[in-house]
Each structure stands twice: as structure tokens, then as C-alpha cells.
Amino acid sequence: MITNQYSAEYGRNAGAIVNIRVKSGTNNFHGVGTYFRRDDQNWTALDNIQKAGGLTSPPAYKDSILGGQFEGPIVKNKIFFNMWLQREWIRQTSSYIGSPSSLAPTPAGLTELEAYFPNSVTLQNYVKYGAWSIPLGNPTIVTRYLTNVSLTAPNGQTISVPFAPVQRFVPTPSDNWDSGVHVDYHLSDSMQLTGKFYDQNNNTPYSASNGQAGYFVGSPSKSYQAGGAWVWTVNPTLVNEFRFSATQSEFDSFGGNTYGFDKLTQNIANSTITGYLGYGLAYNLPQYRQVHSYQYQDNVSKQMGRHALKMGVQFINDDIPLGFLPNVNGVYTFNNFQQYLNNTPSTFAGAAGIPIEKPHELDQAYYFEDDFKFRPNLTFNLGIRYEYSGQPINLLNQETVPRESNPATAIWNTSLPLTDRVYPSYPAPSKNFAPRIGLAWTPQHNGGFIGKLLGQQATVVRAGFAIAYDPAFYNLFLNAATAAPVVFAYTLNYSNGSYPPMPSDITGANLQKLYAPPPGVDPRTLNQTLFAPNFLNPYSESYTFGIQRMIGSHMGLEMRYVGTQAVHQFATRNGNPYIAGFANNGFANVLPSGVTPGVNTSCSTCNGRENPNYAVIRLRDNSAHASYNGLQLAYTIRDLANQLTMSTAFTWSKAMDNISEVYTFTSSGSIVLAQDPFNTNSGERALSNNDIPLALSVNLSWTMPWLKGTSHWYDRVAGGWTIGAFEVAQSGRPMTVLQQSLTVNPLEDAAAVAFVGGSSELRPFLSNPSAPLGTVGEYMPNGTLVNLANTSQQVSPSSVHWIYNTLAADQHFGTPFGVARNTLTGPMLQYLNLSIYKNFSVTERWKLQLRAEATNALNHVNYPIPNLNVDSGTATTFLNPTYGEESASLAPPRILRLGARIIF
């Protein structure tokens, strides 16, 4: 692992570089066979949820790993091989239990409904596709929630029908295979060829999509990689290395007991019935992603006196087909079960567009570096790297321009200018130059205090600076590819038979014919995901300074400062904010000079926005920036007294940013949209959601010295065991208090939040930091402050920690913007892993290793981020210190694994 970026040879991503060298064969045959076993029901501790549920043992979960590795010569002294095979298979059973608010008619209830609704097409579809039509997992009713629902039959009679949640237990096995072979061919003393092939196949056949109703997708993934290298030592000072690799991978979310993407429109529509159990796959399934990647790299090394020169080129050719089009098979929404039986859906959602995108990217990199040995004890690393990856986003422009230029294929209003109906084109970044500077210095000082402090060739000083670029992020591409103007995601409102009700054939192929998208639509009036006109590759500027000191012959101490500035990082912004709420409610002062809400009487979601010609724009730009500064200490012991090896690392750091993630993950305290859409810099800069100020890890291996080398059989069994321990302790991450509702404040851009996802843009106000953390007040329009959890109770500002962000609160505080990001700290993380093993000599060549491992050996409970929404379960779960005891722990409970290994 390379933890610095001084070498210009490495790039394309910021962060550490991991090079994996597969073990080569030798002139003798060697091998290893391994078996590991995990059995939760018999060996694993209960977690806090299982304890609260009264379980005496965890649910069944068996994980077995069987593998082997074999190496040796094909032609002695010439050709060698190393091959391996490993299989991991997991067996478990998961239950899918419907909540009391998600009811389905019982089998008896369906029989009763069929008698009263003999001509109902929707009821016939429910019998054909609903929960009881799929036997997988032996569906049964949850009797404790059995209830009768009153419905009106076609003849006007009121009937009472039994409904209940559905429970099913579905096997969710996972079968993973990993195999490969590595071959080395020594053509001559100056020329070597290596070749490798990897094969990985993972399959989880049943992942729940709508598990209560019996709809599942498979999650298979497979990857094949072939590659090789040719190393030619031209002469003692010149070496050329050529590398090649080809990778084909596929990651899917389809199959199971439903059709895959290859039979996309043979799946049925999703039918959602508010308060009741519907059927069909989730609206965004099935989907898949493939990766076809070919990499070529050539490195030339030349030694010229004190200069070690290295230069090279790298090409990565990526083709990445993406299968993903939400709503392509249709989604029906019914407000209640009566409406479902009457076949009067409230809406039908569909999508017209391109189900499979095939972006292509050719990454190019060129570098040159010089490791200059300025003095025997001082070396400078000087290098420059250039990268170019084009602009894969422009595929969307290349697809939409010909489609919209042809009236026969256009899906938008053809009277609009072409530029308003097609996806924009963006220039490709072409200035990705990455300088690299480093030094390594071994100070020398004989005698005196300084000499003792530095030691004899025992101290090394290292420093460096590097710029590294990140490539395109394909999930961003996918967001743009599934929204206007690339895709027409439309919703039809059922009114007076304006479109046909649900037919008996509800496959996607039939519904695409039956429900055509509305004609003459302006794509600007729909939600869009656009990129900033100057969208760039983000980069980081990293710099470090460290001192490493050897202590004796077995110990070392290192102290290092590491700093990173992340520049032009990806961010999600409100690209067309709703500003009428500010202007019409006394807060026009927060708007930039000259910015006023626009008017568009024909587009409700456009009206009141900065640009009234457009609806919501989820803008992806490079406005994110971050900084990291850390002091890292490491103490290492190597083979002390032939029994102890240990490494200890401690980090004291601080990370700041103005956005921590391009996507919304409110459950972890990360937020995306800024409170003030016009101040995304200083208005949002705070501790990063990734800030972990204190982190400690200890990793040790101790071979117990007692009873070693004795002749008694019981001494040979009891002695020579090795104990391993790995301890992690780190402080909690920052988190932000939020509010969930998008309707309590007229200043809220509810449409933008709903499109991007997550909680409200506007955050609560801090009232009294000394008040209990979970207390929240709400200002009434008359200025009275009440308890949000009990609005009949009047409270004082000093008795509550937070104030709900409503218009009345905004008027009280004189601003609509509440607390800053990440003002709270989440729970810390701590766990200890232990292992013990011993090698037994069976024969001179054969050894048997027995091994036991315990993950989270002390069964320490690590609590997750609590509920951060002040208006979601205020009286019970909002920042409740006991909430973690009622929810899943962040780290698993104690897990035991037993294993054996044969070595020859």
C-alpha cells in the first residue's frame, strides 16, 4: 500500500494506492487448504434488538468458507504457476412482516370479495398477482393484527372483509466463488512474462423488493479479469515494463422470481394502494450495470548517474452499459382499497425514454518523474502527470439531438427550439496537470545530544506535495439520464375517464401502448438534473511532513502531519430555487440584489422560481470544497523477543467542508441542500460529516513463549499458540438536527427537496443549549411558544433546546435559517477483535493450523445515529439517548468463527 502520491506513476484517484502482487510459484510444490465456519444460532451473541425481542439465540445464519491455493513449477527454473479457489456460501432465513398499516385481504377475505365483485378486473389482478398468489416463503397472516374492513359492494351493500398483514420466511442464501491463476515465464535473464486470470461470481437469489407481497430480485454479480506484464531489462540502467488488463463485470438487481432486464417489459406494473399491501416490483427495478474495461500501461525506467528517471503512458478504455429506467413498467396509485376495487386509480406513472445507456470513456494519462539523489542521504522526487478523460455526460446530448430533430421520434413539443428539448453539451476538462514533489532525508550528526536524538542512520524525514484528480461519477450521469429532457417521466391523473382504467394485462409492454405520454409538453416544466456549464474533474492538494525514528532493532516511531485541500468537489445544489416564499413573507432581504421571483401561470412548479421558464433543477456542480488537517502518530514493534509484533496508530485531526456527500443520507446526519441556496459556501461550511477528530487502532500478534520446544505431547498441544488482537476506538461523527415536514413553512422549496430527497432545507433554531437535548418548542402565529410534542402545553424559550422552523419562528428570530450543519456529535465507535491459532507439525512437510476468531469479542454495543428530525416521533425518538437501545447497533454483536488450515 502506498499512502503518499509523490510518484507521478499513480493517479486517476485521490487517496492511497493499493498494489496487489499475487504470489509466484517456485521449483517446489506448495499449497494451503482453508476452512472457516460461522454459526450465529449457536456461537454468536444477541444484539440489543434481539434481546429486547426476547430471543434466546440469534436467527439462523451459517457462513462457510472453503478454499485452497496450490503453486509450483510447470518447467523448472522457467515457468511457474500459482492457482487458488475459494467458495463462501451463506445460508440464512429472513422474515418479511407487513406493518399493521399495510394490510392485505386474507384468503378468506379474497373469497368473499370475489363473490361480491365478480366483474372487478382489479380484484382478478389482485388474486393473480397479489401476496397470496406467490407461495415463496409460505405466506401467512399476522393474526394479532387481524381486522375487518368495511367496503361497499357494487350493489350498494356494505360488507365487512377480514384483512391482515402478511408474513413470509424466505431463504436468502448467498453463494460466492473466487478463483484464479497466475503464471510467470522467465524467458531469459533479461526478460519476464507474467499472466493472470481472476474469476469472481456472487449470487444472492432473493433480495426483497416488495417482500411482503412476495416480489424479489436477484443480486448476482460477476467479474472476470485477465492481464499480464512484460518486463524487459534492456541493460543494467534501462528497463521497460508493459502491462495489460481486461475486466468484464456485471452487477444486477433483477431475476429472483421476476423477469430480468433482458425481458424488461414482461414485468407487471407496480400497484400501490395507500394503507394496504400492493404488488409488483419497486418502481426503480429491475436494473443492472456492466463494466468493460481495458487498460494499457507502459513504464520506462532509466538510471542516469544520480537521476532515476521514469516515464510512461496509461490508457483506460471503459464501456459501461447501464440498465435503469424508473416507472418503465408503470405505477398505479390508489388512495384506498375501495378505490382499487372500483378500478378508479388516482394516478398512473410511466416513463418514455432510453432504458439502456452506454457511456464510453477513454482515460489517458502521461507522466514523467525524476528521483534525484541530491546527496547520499537526501533524495528529491520531482514529477508531473497529465490526465484527460473527456466528458462522458455528452452522450445524453448525442442521443437527444437526433431524436428531437426528427418529428416522428420527438417526445417533446416540437414547436420549441431544439436547444430547449435536448440535453446540453459540456466542454471536456483539458487542464488536469498534477505536479508531484517529495523528499526523503536521513539527517546525520555524530556525537552529542543531537547525535543521540537522531541515532546512526535511524531517522528519516519525509515531505511531499501532490495533486490528484478524480474521474467522472457514473451515478451522477444516471440521474441525468433518467430525468427530462432525456426521459419523459409522466403522471396521468384519473379524472372522468381521461385514460383507461387498469386492464387485465398489466405488463409493461401493454401499458406502454395503452398510456402514451401527453403530447406537446415542454421539458423545462419538468424536474431536470443538469450540470454546471464548466463541470470539471475534482482534485485534491495533499501535503505531508513526517519524521520516522528507529528505536533499537525492533521498534519504530513515526510522527506525521497530513493536510489535504479538496477543490472543485462534486456537489448537489438547488439550481432554480423557489424564492417567492422569501419575497412574499418578509424575507426578500435574503435574496441577492436584483433577484426577484418569476411568474409562470401555466406551470405551477415553475411559478415563483428564480427562472420561471424551468421547474426544479437538481444542479450538479463543483462548488464543494473540503480541508483536512491531521497529526498522525504510529508506534511499531517487529518480532520483539521472537514473540511480539504490534502496530499502534493514533490520529488527531479536523475535517471541514461545505457539503459532505453529493447524495442525501439523512440517517447518517449528512445533508445536501443548503438552507440558503444563494450562500452555499460560508453559509454551509462547518465540520465535515466525515470528521473523526480522535481515532486509535492497535494491532498485535503475540506468540506465547511457554512450553515451546518441549517433548511431551501435552506441552506440544498447549504451547506455541499465537494470540492476535485488533482494537479500534474513534470519536463520533458530526450530525445535523433536521426537520422532516415540507409543508409547515411557506418558505420551503418542497418540490426541490422531494426531488433531491431528504429532510427539509430549513433547519430548527437553537433556543437554550442547556435545556434537555430532545425538547422542542413551536411558535404559534400569535407568538405563543408551545411544546411541539404537546401543542396544548405552553413553554418558555429557556425550557426547550430547539425551536421548530416555521414562519412564526422565522419572524421571531428575524431569519429563516436555523442552526448550522453538524453542530451535534454522534456516538463513538469501539470494538475489539481477537484471534488465537497454532500450527501443528503433522510431518516434516505438512502442517495443520487451528484457528478461532471473535469479532467484537467483548460484545460492545455501538449505537447508530439517532433520529435527527425534530418533528418525527418527537416525544419518543428524537435524539432520545435510549433510542440506540431500541434500534440496531452500528457494529455487529460478538461473532465467533472457527477454522482450520492445512499447509504443505
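Structure's up top.
None of the values given here were measured: they were computed from a predicted structure. (Residues numbered from 1 in each chain as written. Predicted model: local features only at pLDDT ≥ 70, side-chain atom pairs only at ≥ 80, totals over all residues. Heavy atoms only, no water.)

**Looking at the overall build of the chain**
Moving on, step 1. Along the chain, the regular secondary structure elements total 14 helices and 45 strands.
Moving on, step 2. Rg of the C-alpha trace for the chain: 32 Å, near the compact-globule value of 29 Å for 904 residues, within the 12% margin.
Moving on, step 3. Based on the C-alpha atoms only, the size of the chain along its principal axes is roughly 95 × 70 × 65 Å.
Moving on, step 4. Going through the 904 residues of the chain one by one, you find that 46% of them count as buried.
Moving on, step 5. Expressed as a percentage of contacts within the chain between residues at least 6 apart in sequence, the contacts between residues at least 24 apart total 74%. (Helix = DSSP H or I, 4+ residues; strand = E, 2+ residues; numbered from the N terminus. Rg over C-alpha atoms; globule rule 2.2 N^0.38 Å. Buried < 20%, exposed > 50% of the residue type's maximum accessible area, 1.4 Å probe, protein only. Contact = heavy atoms within 4.5 Å.)

**Thoughts on a nonpolar patch on the surface**
Moving on, step 1. Together, Y185, L187, L193, W230, W232, V234, F242, F244 and Y296 make up a nonpolar patch on the protein surface, roughly 720 Å² of accessible area in all.
Moving on, step 2. Those elements that place two or more of their residues in the nonpolar patch are β9 (174-188), β13 (221-235) and β14 (238-253).
Moving on, step 3. The greatest single-element share of the nonpolar patch, amounting to three residues, is contributed by β13.
Moving on, step 4. You can see Y185 is positioned in strand β9.
Moving on, step 5. Relative accessible area serves as the criterion here: at 34%, Y185 is assigned to the partly exposed category. (Patch = residues over 30% accessible without salt bridge, like charges linked within 9 Å, V, L, I, M, F, W, Y side chains within 5 Å. Areas by Shrake-Rupley, 256 points an atom, 1.4 Å probe, with all protein chains shown as cover. Salt bridge = Lys/Arg side-chain N within 4 Å of Asp/Glu carboxyl O.)

**Considerations on the packing of aromatic side chains**
Moving on, step 1. Per the counting criterion, the structure on display carries 43 aromatic pairs.
Moving on, step 2. Lying over the aromatic face of Y614, R524 brings its terminal NZ or CZ to 6.0 Å of the ring centre.
Moving on, step 3. When the ring centre of F840 is taken as origin, the NZ or CZ atom of K838, which lies over that ring, is 5.1 Å away. (Phe/Tyr/Trp six-rings, centres within 6.5 Å; stacked < 30°, edge-to-face > 60°. Lys NZ or Arg CZ within 6 Å of the ring centre and 35° of its normal.)

**Notes on the environment of F244**
Moving on, step 1. Within the secondary structure, F244 is located in strand β14.
Moving on, step 2. Given the relative accessible area of 32%, F244 is considered partly exposed.
Moving on, step 3. When the C-alpha positions of F244 and F650 are compared, they lie 39 Å apart, and in sequence the two are 406 residues distant.
Moving on, step 4. Those residues in contact with F244 that sit more than four places away from it in its chain are A226, G227, G228, Q295 and Y296.

**Some points on the environment of L416**
Moving on, step 1. Of note, L416 is situated in the loop between α6 (395-405) and β25 (432-441).
Moving on, step 2. Here L416 is in contact with R421, V521, D522, P523 and R524, once residues within four sequence places are set aside.

**Re the sheet that holds strand β4 (residues 104-105)**
Moving on, step 1. Across the sheet, which stays open at both edges, the three strands sit in the order β4-β7-β6 with antiparallel pairing between neighbours. The two strands at the open ends of the sheet, each matched to only one other strand, are β4 and β6 (147-152).
Moving on, step 2. Bridge count between β6 and strand β7 (residues 158-164): six bridges; the pairing is antiparallel. Looking at β7, one finds that S150 is bridged to S160.
Moving on, step 3. Against the sheet, helix α3 (residues 107-116) touches β4, β6 and β7, its axis set at about 150 degrees to β7. (Pairing = 2+ DSSP bridges. Axes fitted to C-alpha atoms, helices over the stretch in contact; angles between N-to-C directions.)

**What to know about unusual backbone geometry**
Moving on, step 1. The omega torsion across L285 and P286 is 0 degrees, close enough to zero to call that bond cis.
Moving on, step 2. Structurally, the position occupied by P286 is in the loop between β16 (276-279) and β17 (287-304).
Moving on, step 3. Unlike most non-glycine residues, Q457 shows phi in positive territory, near 55 degrees.
Moving on, step 4. Looking at where Q457 falls in the secondary structure, it is placed in the loop between α7 (448-454) and β26 (459-469).
Moving on, step 5. The phi torsion at N822 lies on the positive side, around 55 degrees, for a residue other than glycine.

**Here's the deal with the side chain of S64**
Moving on, step 1. Here S64 lies in strand β2 (residues 61-75).
Moving on, step 2. Relative accessible area serves as the criterion here: at 1%, S64 is assigned to the buried category.
Moving on, step 3. Separated by 2.7 Å, the side chains of S64 and R37 make a polar contact. (Polar contact = N/O pair within 3.5 Å; in protein donor to acceptor, adjacent residues only side chain to side chain.)

**Let's talk about α3**
Moving on, step 1. Restricting attention to buried positions, one finds in α3 the residues G109, L110 and L113. End-on, the buried residues of α3 take up no more than an arc of 100 degrees, which puts them together on one face. Exposed side chains of α3 directed beyond 90 degrees from the buried face belong to A108, T111 and A115. (Arc of directions from axis to C-beta.)

**Things to note about the state of the cysteines**
Linking two cysteines covalently via their sulfur atoms produces the bond known as a disulfide.
Moving on, step 1. A complete count under the given rule lists one disulfide for this structure.
Moving on, step 2. Covalent S-S linkage joins C603 and C606, the inter-sulfur distance amounting to 2.1 Å. Here the disulfide of C603 and C606 is right-handed, its torsion about the S-S bond being about 60 degrees. Comparing C603 with C606, the two get one shared label, buried. (Disulfide = S-S within 2.5 Å.)

**Quick notes on the pairing of strand β21 (residues 347-352)**
Moving on, step 1. Burial of β21 is extensive: six of the six residues sit out of reach of the surface.
Moving on, step 2. Residues of β21 alternate between two faces, with T347, A349 and A351 on one and F348, G350 and A352 on the opposite face, all of them buried.
Moving on, step 3. Summarising the sheet, strand β20 (residues 331-334) and β21 pair through three bridges and their orientation is antiparallel. Bridging across to β21, V331 finds its partner in A349.
Moving on, step 4. Pairing of β21 with strand β27 (residues 488-493), which is carried by six bridges, proceeds in the antiparallel orientation. Along β27, the bridge assignment pairs G350 with Y490.

**Details of the nonpolar core**
Moving on, step 1. Core analysis: the largest hydrophobic core is formed by 49 residues, its most contacted members being L113, Y126, L151, Y279, Y332 and F337.
Moving on, step 2. Here L113 is in contact with P105, L123, L151, I159, V161, F337 and L341, once residues within four sequence places are set aside.
Moving on, step 3. V328, A480, F570 and V662 belong to the second-largest nonpolar core, a separate cluster that totals 31 residues. (Core = buried A, V, L, I, M, F, W, Y, C linked by side-chain atoms within 4.5 Å.)

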